[in-house]
Each structure stands twice: as C-alpha cells, then as structure tokens.
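Each chain is listed here by its residues.
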Amino acid sequence: MKRGTLWFSGIILLVVTYFLSAPALAHVPIFGGEGKSIETAIQIEDPSKSRVFYGELGSGDFRYYGFIVEKGERIVLGLTIPVEDGNKGFTPHLILIGPGLKDEGKVPDKLKVPEGYGAKVLSYNLPESPVYEGFTPSAFYSPVKLDIKAPESGMYYAVVGAPQETDLREENVIYGKGLQEREIPGEGNYGLILGYRETFTLKEWLSIPLNQIKIYRWEGQSLFLIFTPLALTLAAGLLAIFLKRETVAEYSPARVSGMLAGLFFLGTGVTYICQMLISLSKSSYSSGIGITLFLILLNIGLGIIAIALTLRNENYGKGSARKRLYFFGLGILGLLFWAGWFIGPLLAFEAGLLPWKLKR
C-alpha cells in the first residue's frame, strides 16, 4: 500500500500548497430574490462581504438591493454580464442611491429615488474582451466598477435596471458597412458584485457545485452541455468494466461504491476541462487558469486514487482498514474541492463503510 500512501500524500501536499499560495479570488454567488421596487429591496447584511447577485431583467425592469453603511466605510460595486447577452448588446444600468451622494448621470424615468437621496448612474461601454474566472470556470464581461467611501451613514441602494423602450430608441447603434440600425436588447441576465472581503462560510463553500450549475445556466448553457462530460466519463468507465468481462455481481458493495466514486471524480475533472475550453474560446488568458488547472489535477487525481484503491486486491485485515480510511479521506477532499457533484464524496464514504469482501 506504499504507492497508495505516496499518491494520497501528494494530493494532501497539493491542497496545502494551494491554500498557502492562492489568494482568495472568488465571490459568494447568490441567486433569487425579488427586489422589484425600493420598498421591497433585497436586504443585504454585511455589505463588505464579497458577493455576486445573479438575476434576470425584462425591458424596463429594476432590481433594488439595500444595505446599511456607516460614514467613511467602503462601498464596492461591480457588474457582470454573460458573454451571450453582452454580444447581443445588453447593457443594463448600474446605479447607487444613498444619502450624501451627488446626482451623476441621467437617471431613468421610472427609477424611484427617495427624497433627500442622490443617485450616481455609472456609465460604461462593454470591454473588448470578456474576463476569465477560474473557480467556476466561466467567462463574462465586467464593464464597470465603483469603489468609494460612504459620504454619510444610512441605507444605500444598489440598483440594476434594464433599458426602457425610450432608452432603446435613443441608444440605437449604427454599425457595419451598410450603416444598418439595430436596437440594444432591453432584457437579459446580469450579476451585481457587492463587497470586497473574500470570505466563505462552510455551507457557502460546500454548495459551490450547485451554484456552478446555476452559473452555467445563467451563461446560457443547456443542462445537456453541462452534464455531457460527466455522462461520457461514466459511460467510458462502465464500458471498460464490460470489456474486462467483469460484472457488477463480481464487485463487493464497497468496490461498486469505490469505482463509481472514482468515475464521478474523474467526470468533474473532465467537466472542468470542457468548461475551461469553452470559457477560453470566449475570453483571453489570465492568471485564473492556474486555479482551474489546480482543480482539474485535484479532481482527476482523486478519481485515479479511488479507482486504483478499488482495483487493488489484498488481504482483508489491516489493508482493508487502511483502504477504508483512504476512502473517508477522499470523500472529505471531494466535498471540500467540489469533486463528484456531491455524489462522488457520498460514494467514497460508502466505500469506507460497506464490506469489501463478497459473501459466498
């Protein structure tokens, strides 16, 4: 079992190195919420904590996010737009409303600004190239950012608004040799960035796999595209078992769980590779690729170790007990680093609990 110990130690060393060297670069993703009026604004506690609020806007719609800030504290806002909507020209408004702010920019007609408050309308153009984000991985436009100190204490509102019909007529874009006109779309998806402290609770960290799926859907991907790499990996693994002329009946319960855990870990690694290639086809290279490569190596490494442990034959004594501990470790690492879409870690835990020897 020395080789297995060496592999497992290598994975642990990779994880420790990652935590020591990689800066915290990910925002906590938040989905849902109404906030269609200032009276029903989505209330945010601790606005210094970095989050991305994902949503969808119809023509003329607004989404209000309210938060309390003390005078002199930082207010950091940003906007993200999926490449699909950005390529169509969707450019939502980003507006900060609050006490002590001076009115800046053209305030949309339907925007509600409380008496005594100012509204800062942030103007921008879409950048030429989308941004690559390594944790998901994904690609999106990040057209605007605001970082100011609150002029007064009180309730502030971050507002994202879709262009209204009157705005669309005023903002028609002339392009191409034929000087044809096209209207800027008045509906699409957006992500509101709020805060600057990159921190996660354990629940937020462990729920990243579910949020990854939601982000891919926000980008415009189909469920078929998202899960195809995993499905193909599982199919290839089952085909390999068939070609070896083995059947599930020849596998002990723990061996079945261990093999499937390894295939799920490999499947998420392959999914990362596919998503990285999709995102890089839309964006430019960045340092975030290093984060994605780490996750790819970790997922594939966990899968190889799980499959190697499953296929290893040994006496069912100390070796079996050691194998169980390894699978518990693989399950914990899978949960912490989003390998296996939750199913892989659960199967690894099963492999650590179920009997490895077939009953005759």
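Use the structure listed above.
For the structure given in this document, a descriptive report is provided here. (Residues numbered from 1 in each chain as written. Predicted model: local features only at pLDDT ≥ 70, side-chain atom pairs only at ≥ 80, totals over all residues. Heavy atoms only, no water.)

**Notes on the sheet that holds strand β4 (residues 62-69)**
At step 1: A sheet is described by the order of its strands in space; here five strands give the open sequence β2-β4-β10-β6-β7, paired in mixed fashion. Strands with a single pairing partner mark the edges of an open sheet, and in this sheet they are β2 (42-43) and β7 (117-122). (Pairing = 2+ DSSP bridges. Helix = DSSP H or I, 4+ residues; strand = E, 2+ residues; numbered from the N terminus.)

**Here we look at the nonpolar core**
At step 1: Of all hydrophobic cores here, the largest spans 37 residues; its most connected members are F265, L295, L302, F327, L330 and W338.
At step 2: No other element matches the 10 residues that helix α8 (residues 288-311) contributes to this core.
At step 3: The residues contacting W338, other than those within four sequence positions of it, are F135, W205, I208, P209, Q212, T268, Y272, L295 and N299.
At step 4: Counting residues in each nonpolar core, the second largest holds 31 residues, with F90, L122, Y141 and V144 among its members. (Core = buried A, V, L, I, M, F, W, Y, C linked by side-chain atoms within 4.5 Å. Buried < 20%, exposed > 50% of the residue type's maximum accessible area, 1.4 Å probe, protein only. Contact = heavy atoms within 4.5 Å.)

**Structural notes on a nonpolar patch on the surface**
At step 1: Residues L202, I332 and L336 make up a contiguous nonpolar surface patch of roughly 270 Å² in combined accessible area.
At step 2: Under the relative-accessibility criterion, L202 is labelled exposed at 58%. (Patch = residues over 30% accessible without salt bridge, like charges linked within 9 Å, V, L, I, M, F, W, Y side chains within 5 Å. Areas by Shrake-Rupley, 256 points an atom, 1.4 Å probe, with all protein chains shown as cover. Salt bridge = Lys/Arg side-chain N within 4 Å of Asp/Glu carboxyl O.)

**Some points on the packing of helix α7 (residues 253-280) against α8**
At step 1: Between α7 and α8, whose axes approach to 8 Å, the crossing angle comes to 160 degrees. Between α7 and α8, the angle is such that the two are roughly antiparallel. Here α7 and α8 pass one another in a crossing that is left-handed.
At step 2: Within the contact of α7 with α8, the residues separate by chemical class into 18 nonpolar, eight polar and one charged. (Axes fitted to C-alpha atoms, helices over the stretch in contact; angles between N-to-C directions. Parallel < 35°, antiparallel > 145°, perpendicular 65-115°, else oblique. Left-handed = near helix turned anticlockwise from the far one by under 90°. Nonpolar A, V, L, I, M, F, W, Y, C, P; charged D, E, K, R; others polar.)

**Considering the sheet that holds strand β9 (residues 138-149)**
At step 1: Read from one edge of the open sheet, six strands run β1-β3-β13-β5-β9-β8, paired in mixed fashion. With one partner strand each, in any of the chains shown, β1 (28-31) and β8 (131-133) form the two edges of the open sheet. For this sheet, the mean inter-axis angle between neighbouring strands, taken without regard to orientation, is 35 degrees.
At step 2: Direction of pairing for β1 relative to strand β3 (residues 51-57): parallel, over a ladder of four bridges. Bridge pairing in β3 links F31 to Y54.

**Re the packing of aromatic side chains**
At step 1: Summed over the entire model, instances satisfying the criterion amount to 12 aromatic pairs.
At step 2: Both rings, one in F200 and one in W205, keep their centres 5.4 Å apart while their planes meet at 90 degrees; by these two values the pair is edge-to-face.
At step 3: By the ring-pair criterion, three or more aromatic residues cluster together here, those being F135, F200, W205 and W338.
At step 4: Positioned over the ring face of Y196 is R74, at 4.2 Å from the centre of the ring. (Phe/Tyr/Trp six-rings, centres within 6.5 Å; stacked < 30°, edge-to-face > 60°. Lys NZ or Arg CZ within 6 Å of the ring centre and 35° of its normal.)

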